[in-house]
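Fold and contact review
Below are the chains, spelled out letter by letter.
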Amino acid sequence: MSSETVVTILCGLAILVGVAGTIIPVLPGSVLIGVSLLAWAIWGGAGTAGWVVFAVAMIFVAAGMTAGAVLTGRKLKQHAIPSRSIVVALVAGVVGMFIIPVVGLFVGFAAGLLASEFLRTRNFTTAARSSWAALKATGVGMLAEFGLACLAASTWVIGVWIAAAANG
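Okay, so let's go over this structure. (Residues numbered from 1 in each chain as written. Predicted model: local features only at pLDDT ≥ 70, side-chain atom pairs only at ≥ 80, totals over all residues. Heavy atoms only, no water.)

1. A look at the packing of helix α1 (residues 3–21) against helix α2 (residues 30–43)
- It is at 8 Å that the axes of α1 and α2 come closest, and there the two elements cross at 165°. As the angle between them shows, α1 and α2 are arranged roughly antiparallel. Pair α1 / α2 crosses with left-handed handedness. Together, Glu 4, Val 7, Thr 8, Cys 11, Ala 14, Ile 15, Val 17, Gly 18 and Val 19 of α1 and Ser 30, Leu 32, Ile 33, Ser 36, Leu 37, Ala 39, Trp 40 and Trp 43 of α2 make up the contact between the two elements.
- Partitioning the contact of α1 with α2 into residue classes produces 12 nonpolar, four polar and one charged. (Axes fitted to C-alpha atoms, helices over the stretch in contact; angles between N-to-C directions. Helix = DSSP H or I, 4+ residues; strand = E, 2+ residues; numbered from the N terminus. Parallel < 35°, antiparallel > 145°, perpendicular 65-115°, else oblique. Left-handed = near helix turned anticlockwise from the far one by under 90°. Contact = heavy atoms within 4.5 Å. Nonpolar A, V, L, I, M, F, W, Y, C, P; charged D, E, K, R; others polar.)

Below, the structure is given as C-alpha cells:
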C-alpha cells in the first residue's frame, strides 16, 4: 500500500469523524475536516487537483462554521439569552455526558440551560420559552454546519475519484 493511499484512508476517517463532530459536540468538527483536507492536499498525491479540492471544500467548511455561529448567535440575541446561560448549559452538558451514557450531553445541556434561565428570570414559563428558543437556535446552527460539512466531505470524495482516475 502506497503512502498516498494511507494518507487518503486516514484523511477519510478524520473527515468522517469531523462530520460527526458537527452534530456530536465532544468530537472535533469542521476544524478537523479542514486539517484533514490540507493534509490530503499536501501528502495525498493528488497534485493540483488536491489543492483545488482543498480550496472548494474549505469554502464549505468556512461557510458551515460561519453559518452555525451566525444563525445561533442571531437567535440568542433576538431572545436576549445571555452567554452565561449558554456556558452553564455547556458545563451541564459535559457533566451529563458522564452521568447518562449516550444522551447525557444533550439532556445536561437542556437541563443546564433551563436551570440557568430560571435563575435569571425567576419565571419557569419564561425560562422554558427562552430555553426552547436557544435549543432550536443551537439545532439550526448545528444542522447548517453539518450540511456544509457533508458538502465538503462530498467534494473530497469526488476529488479522490478524480485523483484515482488521473493516476490510474
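Alright, that's what it looks like, and here's the rest.
2. Quick look at the pattern of salt bridges
- Summed over the entire model, instances satisfying the criterion amount to one salt bridge.
- The partner of Arg 120 in a salt bridge is Glu 117, and the shortest N-O contact between them spans 2.5 Å. Within this pair, Arg 120 and its partner Glu 117 are both found in helix α5 (residues 104–121), separated by three residues, close to a single helical turn.
- Note on Glu 117: relative accessible area 0%, which makes it buried. (Salt bridge = Lys/Arg side-chain N within 4 Å of Asp/Glu carboxyl O. Buried < 20%, exposed > 50% of the residue type's maximum accessible area, 1.4 Å probe, protein only.)

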